[in-house]
Amino acid sequence: GTLSAWVPIMYGCNNYCTYCIVPYVRGRERSRMPEEVVAEVRRAAADGYREVTLLGQNVNSYGKDHGQADFADLLRMVDAVEGIRRVRFMTSHPKDLSDDLIRVIKENQKICRHLHLPLQSGSTAILKKMNRGYTKESYLDLALKIRREIPEMSLTTDIIVGFPGESEEDFEDTLDVVRKVKYDSAFTFIYSKRSGTPAAKWENQVSDEVIKERFDRLLKEVQKDAANSTKKYEKETVDILVENLNDHMDGYVTGRMSNNMVVHIPGQKSLIGKIVSVVLDEAKGFYYMGHMVESEV
């Protein structure tokens, strides 16, 4: 079982991205009342959960419908709940991530150093066709501001390759953003037609050969950055929340750093649910092998 309680803070979506069916299926954005969310987080803490993950299609627009609290306010409230040691959230839409939110994350160590910030494309022309509500420049400004303000932040993203009308130049723009942001990890998708979405009906769909060739180029770039990103914490001492027994290695447990990176250390079942200090002995691409320095009192 996972140690993170998943708490939905809103339902539906108001962003009609042209490749996505969600708003048609789940309807308009509806935010839960802040006190309702906090009560659920308190119950999770009472049930023994040490980590909570707040969920929404676009958490940054939380509360715009009821006006009781915005997402930064909600994070402050959840952060204050006794017993919860870590707060995660997803997904952030780049068009309305506020400076206030960056400040809240920076000031509260409980809030995890991981931000999933879907790019989808680095081309302003394609972003416009996708109806994403930001440009290449505004996305880069935001991502680099986060890197500057919270250097230990892990940035992950989603990218679609081969959106209708994507030219070589558009794709180069995507690669350019990837090279500049240096994502800690990225989920890359080949564009697929979702019937009922505007983009599915468009002309100039990109050919499979071109898509495959671009996808491979993107993957190389993304994997290189991810490996470098893992390397940079090697030999450091960090805190991890131990989540479970390792299913591949006897006598090992598995936990996560605040930035969501996975660490395997020698340890017993009794460590599950505890936050422990570990030395990251070796970076193994997407995870670390480490050992415990001291356990939580």
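Residues numbered from 1 in each chain as written. Predicted model: local features only at pLDDT ≥ 70, side-chain atom pairs only at ≥ 80, totals over all residues. Heavy atoms only, no water.

Caption draft 1: Region of interest: the packing of helix α6 (residues 136–149) against helix α7 (residues 168–181). Where α6 meets α7, the axes come as close as 10 Å, and the angle between the chain directions of the two elements is 10°. The orientation of α6 relative to α7 falls into the category roughly parallel. In the packing of α6 onto α7, the handedness of the crossing is right-handed. For the pair α6 and α7, contact is made by Lys 136, Tyr 139, Leu 140, Ala 143, Leu 144 and Arg 147 and by Asp 173, Asp 176, Val 177, Lys 180 and Val 181, respectively. (Axes fitted to C-alpha atoms, helices over the stretch in contact; angles between N-to-C directions. Helix = DSSP H or I, 4+ residues; strand = E, 2+ residues; numbered from the N terminus. Parallel < 35°, antiparallel > 145°, perpendicular 65-115°, else oblique. Left-handed = near helix turned anticlockwise from the far one by under 90°. Contact = heavy atoms within 4.5 Å.)

Caption draft 2: Region of the structure containing the environment of Ile 102. Checked against the element boundaries, Ile 102 lands in helix α4 (residues 99–107). Note: C-alpha distance between Ile 102 and Lys 145 (43 residues apart in sequence) is 9.1 Å. Setting aside residues no more than four positions away along its own chain, Ile 102 makes contact with Leu 97, Leu 142, Lys 145, Ile 146, Glu 149 and Ile 150.

Caption draft 3: Looking closely at the packing of aromatic side chains. One pass over the structure, following the stated rule, counts 6 aromatic pairs. On the numbers, 5.4 Å between centres and 75° between planes, the contact of Phe 163 with Tyr 191 is edge-to-face. With Phe 163 in the loop between β7 (154–161) and α7 and Tyr 191 in the loop between β8 (185–190) and α8 (208–231), this residue pair connects regions lying 28 residues apart in the sequence. Both residues of the pair, Phe 163 and Tyr 191, belong to the buried class. Three or more aromatic residues joined by ring pairs make a cluster, and in this case those are Tyr 19, Phe 163, Tyr 191 and Trp 202. (Phe/Tyr/Trp six-rings, centres within 6.5 Å; stacked < 30°, edge-to-face > 60°. Buried < 20%, exposed > 50% of the residue type's maximum accessible area, 1.4 Å probe, protein only.)

Caption draft 4: Focus on the pattern of salt bridges. Applying the stated criterion across every chain yields a total of 26 salt bridges. A salt bridge links Glu 36 to Arg 32, with the nearest nitrogen and oxygen atoms 3.1 Å apart. A salt bridge links Arg 217 to Glu 172; the nearest nitrogen and oxygen atoms lie 3.0 Å apart. Here Arg 217, found in helix α8, pairs with Glu 172, found in helix α7; they are 45 residues apart in sequence, far enough to count as distant. According to the relative accessible area criterion, Arg 217 is partly exposed, its value standing at 25%. (Salt bridge = Lys/Arg side-chain N within 4 Å of Asp/Glu carboxyl O.)

Caption draft 5: Up close: the pairing of strand β5 (residues 86–90). Here β5 lies mainly inside the structure; 4 of its 5 residues are buried. Across 5 bridges, the pairing between strand β4 (residues 51–55) and β5 is parallel. Residue pairing for β5: Thr 53 is matched across the bridge by Arg 88. This β-α-β element, β4 to helix α3 (residues 71–79) to β5, shows right-handed connectivity. (Pairing = 2+ DSSP bridges. Right-handed = clockwise from strand over helix to strand, strands pointing away.)

Caption draft 6: Representation of the sheet that holds β7. The strand order across the open sheet built from 3 strands is β6-β7-β8, with neighbouring strands paired in parallel fashion. Looking at strand neighbours, the two that pair on one side only are β6 (114–116) and β8, the edges of this open sheet. The mean angle between the axes of side-by-side strands here comes to 15°, regardless of whether they run parallel or antiparallel. In this sheet, β8 lies alongside β7 in parallel orientation, the contact comprising 6 bridges. When the bridges of β8 are listed, Ile 159 appears paired with Thr 188.

Caption draft 7: Main features of α6. Spanning 14 residues, α6 covers 20 Å between terminal C-alpha atoms, matching the ideal 20 Å at 1.5 Å per step. Among the residues of α6, those classed as buried are Lys 136, Tyr 139, Leu 140, Leu 142, Ala 143, Ile 146 and Arg 147. In an axial view of α6, the angular spread of the buried residues amounts to 165°, which keeps them on one side of the axis. Exposed side chains of α6 directed beyond 90 degrees from the buried face belong to Asp 141 and Arg 148. Here the buried face of α6 lies against α4, β6, α5 (124–130), β7 and α7. (Expected span 1.5 Å × (residues − 1). Arc of directions from axis to C-beta.)

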